[in-house]
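Structural overview for review
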Amino acid sequence: MAAEADAWAIVLVRQRFVHAMVCLPSGQWLVQHKPEEPVRLLTGPADVLDLAATVQHHLRTTRPDFR
């Protein structure tokens, strides 16, 4: 699960859904959504995956369907 969280963290930052994500040696994650916002602490990889799922859900429900 940690490798998947690492991969999603890279995607979320590269696609600019979050400003920064850093994994701590404890397995916790620091996340900053925008440069001027405070840093949040995620307790582990499962929280990173939850964040990625939330972003995906938001994208699917807010963009028009082009099928």
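For the structure itself, consult the block above.
These notes cover the structure that comes with them.

Bringing the environment of Gly44 into the picture now. Positionally, Gly44 belongs in the loop between β3 (40-42) and α2 (45-62). Distance from Gly44 to Ala5, taken between C-alpha atoms, is 8.7 Å for residues 39 residues apart in sequence. With residues near it in sequence (within four places) discarded, Gly44 still touches Gly27, Gln28 and Trp29.

One finds Ala5, Ala9, Leu12, Val18, Met21, Trp29, Val31, Leu42, Val48, Leu51, Ala52 and Val55 forming the largest nonpolar core, which totals 12 residues. Within the residue set of this core, elements represented by two or more residues are α1 (2-14), β2 (29-32) and α2. Looking at this core element by element, the count peaks at four residues for α2. In contact with Met21, not counting residues within four places along its chain, are Ala9, Leu12, Val13, Trp29, Leu30, Val31, Leu42, Val48 and Leu51.

Further remarks concern the sheet that holds β3. Within the open sheet, the three strands sit side by side as β1-β2-β3. Their pairing is antiparallel. With partners counted over all chains shown, the strands left at the sheet margins are β1 (20-23) and β3, one partner each. With direction set aside, neighbouring strand axes in the sheet form an average angle of 20 degrees. By the bridge criterion, three bridges tie β2 to β3 in an arrangement that is antiparallel. Its bridge partner being in β3, Trp29 is matched across the sheet by Leu42. Contacts from α1 reach β1 and β2 within the one sheet, and its direction differs from that of β1 by about 160 degrees.

Conventions and cut-offs
- The numbering scheme is per chain: residues are counted from 1 as the chain's sequence reads.
- Given that this is a predicted model, residues contribute local features only at a pLDDT of at least 70 and side-chain atom pairs are listed and counted only at 80 or more, while totals for whole chains, interfaces and linings are drawn from all residues.
- Side-chain metrics rest on all non-hydrogen atoms present in the structure, leaving aside hydrogens and water.
- Counting from the N terminus, the helices are the DSSP runs of H or I reaching at least four residues and the strands are the DSSP runs of E reaching at least two.
- In what follows, residue pairs with any heavy atoms lying within 4.5 Å of each other are defined as contacts.
- Side-chain atoms within 4.5 Å are what join buried Ala, Val, Leu, Ile, Met, Phe, Trp, Tyr and Cys residues into a set we call a nonpolar core.
- Only protein chains enter the accessibility calculation, which uses a 1.4 Å probe. A residue is then buried if its area is under 20% of the maximum for its type, exposed if over 50%, and partly exposed in between.
- One bridge is not enough; two strands pair if DSSP finds at least two bridges between them.
- Lines fitted to the C-alpha atoms define the axes, with helices restricted to the stretch that makes contact. Angles between their N-to-C directions range from 0 to 180 degrees.

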